[in-house]
Structures are given as C-alpha cells and as structure tokens.
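Given next are the chains, with one letter for each unit.
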Amino acid sequence: MPLALWALTISAFAIGTTEFVIVGLIPTIASQLNVTVPSAGLLVSIYAIGVAIGAPVLTAVTSRVPRKMLLISLMVLFTLGNLLAWLSPGYNTLVIARLLTGLAHGVFFSIGSTIATSLVAKEKAASAIALMFGGLTVALVTGVPLGTFIGQHFGWRETFLAVSMIGVVAIIASQLLIPNTIRNQPSAGFRDQLKVLTHPRLLLIYTVTALGYGGVFTTFTFLAPMMQEQAGFSASMVSWILLAYGVSVAIGNIWGGKLADRHGAVPALSFIFAALSVLLFVFQFTSGQSIPALLTLLVMGVFAFGNVPGLQVYVVQKAQQYTPNAVDVASGLNIAAFNVGIALGSVIGGQTVATLGLDQTPWIGAVIVLGALLLIAFSGLLDRRQLRLVC
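Residues numbered from 1 in each chain as written. Predicted model: local features only at pLDDT ≥ 70, side-chain atom pairs only at ≥ 80, totals over all residues. Heavy atoms only, no water.

Turning next to the overall build of the chain. Helices and strands together make up the secondary structure of the chain, namely 15 helices and zero strands. Rg of the C-alpha trace for the chain: 20 Å, near the compact-globule value of 21 Å for 391 residues, within the 12% margin. A principal-axis box enclosing the C-alpha atoms of the chain has dimensions of 60 × 45 × 35 Å. Taken across its 391 residues, the chain has 55% of its residues classed as buried. For the chain, long-range pairs separated by at least 24 residues make up 84% of all intrachain contacts whose partners lie at least 6 apart in sequence. Accessible surface for the chain amounts to roughly 15900 Å². Of this, 71% is attributable to carbon and sulfur atoms. (Helix = DSSP H or I, 4+ residues; strand = E, 2+ residues; numbered from the N terminus. Rg over C-alpha atoms; globule rule 2.2 N^0.38 Å. Buried < 20%, exposed > 50% of the residue type's maximum accessible area, 1.4 Å probe, protein only. Contact = heavy atoms within 4.5 Å. Areas by Shrake-Rupley, 256 points an atom, 1.4 Å probe, with all protein chains shown as cover.)

Counted by the stated rule, this structure contains nine aromatic pairs. Ring geometry for F217 against F305: centres 6.5 Å apart, planes inclined by 55°, an arrangement best described as tilted. Residue F217 is found in helix α8 (residues 200-220), and its partner F305 is found in the loop between α12 (290-304) and α13 (307-322); the two are separated by 88 residues along the sequence. Residue classification places F217 among the buried positions, given a relative accessible area of 6%. (Phe/Tyr/Trp six-rings, centres within 6.5 Å; stacked < 30°, edge-to-face > 60°.)

Right, let's talk about the layout of surface pockets for a bit. Each pocket or cavity is described by its volume, and for the second largest pocket that value is around 500 Å³. When residues of the lining of the second largest pocket are traced back to their parent elements, those giving at least two are α4 (91-118), α5 (125-154), α10 (235-263), α11 (265-286) and α13. The element best represented in the lining of the second largest pocket is α13, accounting for five residues. Here the lining of the second largest pocket is built from residues that sort into eleven nonpolar, eight polar and four charged. (1 Å grid on protein atoms, 1.4 Å probe; cavity = no way out; pocket = protein on both sides within 12 Å on 5 of 7 lines; lining within 4 Å. Points joined across faces, edges and corners; volume = space filled by probe spheres on them. Nonpolar A, V, L, I, M, F, W, Y, C, P; charged D, E, K, R; others polar.)

Once the charged atoms of two side chains with opposite charge are near each other, the side chains can pair. On inspection of all chains with the given rule, the structure shows two salt bridges. Between D383 and R201 there is a salt bridge whose closest N-O contact spans 2.7 Å. With D383 in helix α15 (residues 361-390) and R201 in helix α8, the pair connects residues that are 182 residues apart, well separated along the chain. On the basis of relative accessibility, which here comes to 18%, the residue D383 falls in the buried class. In this structure, the salt-bridge partner of K318 is D383, at a minimum N-O distance of 3.1 Å. Here the residue K318 occupies a position in helix α13, and D383 occupies one in helix α15, the gap between them amounting to 65 residues. The class for K318 is buried, based on a relative accessible area of 8%. (Salt bridge = Lys/Arg side-chain N within 4 Å of Asp/Glu carboxyl O.)

Written out as structure tokens, the structure reads:
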C-alpha cells in the first residue's frame, strides 16, 4: 500500500476521534456549560447534520478543486473547528464548531474513498478504503478513550485542543505524502447530480448502507448499559470490554476490505450481513450471561464495521457505471447514508428501550440488518441480470 494512504488514515483517525469522543464528554460539557444532558447530546446530532450536508453538497461544489489542495483545506477547516471548540466561551459557539468539523468530515470521506482507490490497483480498491477507514476504527480503540480521559481530568476543551494537534499532523502528512498528480473526477453538472439523487440502483445501495449501519447502532448505542445491567459487568470492566470491542472492529474493517477484494462487494456484503444478523439474534439470548455475552460481542465486532469497505467500493463502482460524471457526489451521499443509519439506529434503539426494554434492542437490530441483507441480494441479482443482457 502506498504511503499516501497513511496520510488519509491519519486524517481519518483525527476525524473519528472528534466524532465519537463527544459521547464520553457529554456529562462534563453539560455540567461545565450549565446545559441539560439532552442539550449536550444535540452536539452529536449537529455533527451528523454537518456530515450529511457536507458530504453531498460540498463535494459537488468543490468538484473542480485539485484533490490534494482540497484534502489539505478540509483538514485545515477541521483543525480550525476544533480550535474554535477549544476556545468556545459557551454552548452556541460549540455548536458552530461541531457543525464546521462535521462539514469537513463529510467531504473528506466522500473524496477520500475515490482518492484511495486511485492510488492502488483495481483489485485492491476495497483494501485501500479499509485502510483509510481503519483510522476511524483505531480512533474508537485509542483516540476516544484517551480523549475522554483528557476531558475528564483536564477539561473537555483540552480534548479538542489535543485533536486539533492531530489535525496539524494530518495536514503535514497530506502535504508530504499525497501526490500532486491525483486527477479530479469529471465535474458533475446539475443533471448529473440529480441523477445521483434519483437513480434507483444508487438509491438501493444508500438504503442498504443506512439499514446495515442502523441495525448495528440500534444495539451499539446502548452497549455499555446492556453489559452492566444485563450481563452484570462493573462500570470499570465495561470500559475494557468496549476497548476489546474496538480492537475487534479494527480487525473486521481490514478483513472486510480483503474479503470484498477477493470475492467481490456483493458476496462479501451478503456474508457479512447474514453473519451480523445471526449474531445480533444470538446476542438477544446471551446478553444476560457475562461470558457468553462477551464472546458474542467480540465476534460481532469483527462483522459490525466489516461492511464499510465493501459498501463504499460498491457505490463507487455503480456510480462509475451509471453516473460517471458524479462519482464523488455518489460517494458523498453514501457517507451521508452511514450517518442517517447512525441516527436511525439510535432513535429506534431509544424507542425500543423506552417501550420494550433494554434487553430487546438486539433482535430489533437483527431485523433491520436482515433488511440490508435482502436488499444487497436483490442488488446482486440485478447485477447478474444486467451482465447476461450485455453478454
């Protein structure tokens, strides 16, 4: 893998840390800014809104900007957003800072996917995307616990200062390692952008992405209280369990990319969604027993994020086929779909906890992932039909 991919991975690590660390800082922020916990929780939603807007809209607007210049500019915006969070005197300024960093996140991952695939041979495209997204999973394992520790012991503002320093490292790495020769995708006109938003095959993949991620986050959002209240682990032990889960996620992300490279996106995604659905159903019955719950969780972590490389490379492949002038826009919309899935899963999980109880979230998540499995199988069927027509 070329060194330029590591620059993308460092940037993804910084972005993943600032995205997820807010969850661990919500009680501290609520206390220090004298706002309610739900108000502090809105900082997660504000970030997701920034991602959802930035991914498709700003990707299209910046389609003519040289890729290396755009990448560095995005990391500068990201760093400034975190510095603003560090300096924010109150809640409103922090909201603006989260929105800015969310905008950078959306565009980065949409163009980062196409840049990553352009740096390697076609048969290694999914592995290249997996390496880039590996920065997110490493952030879950190391960046988020460390950022939470800094926030709890030195203040939440210092966490954002630390993340901005990682942003500076990412800027330097991008300047040194990203080649100047990366070619822009063809500029997308209004008609091409509209086609990306309305093409049935692309909409099908966006739905698969939202359901696949949504099913996972229906349970993942409430993983900590489940392991305490259902499985009987102590609060301190849950922290180590989440760390181990993060390691499983990191392994699964790389493995999922290799699986998609070896067997193709649709077969790999079909296997991952099928296994994930079964594991969530199993977790429904093991979550009340400590050791079985832990073993199920660790295996489930391997599959939980293993679908990311396959989904992203699949949408790029279909966009190159159906909307070749708007590949970056299509990639950006899939990033937005991931965040729609996160929001969807959190809301459905919250409603499930409120109405049915904490222990009922796994099977609800399994049903949602099963929907993703059926849709990706249908998409594969359409691919085979089209191939027969061409031949």
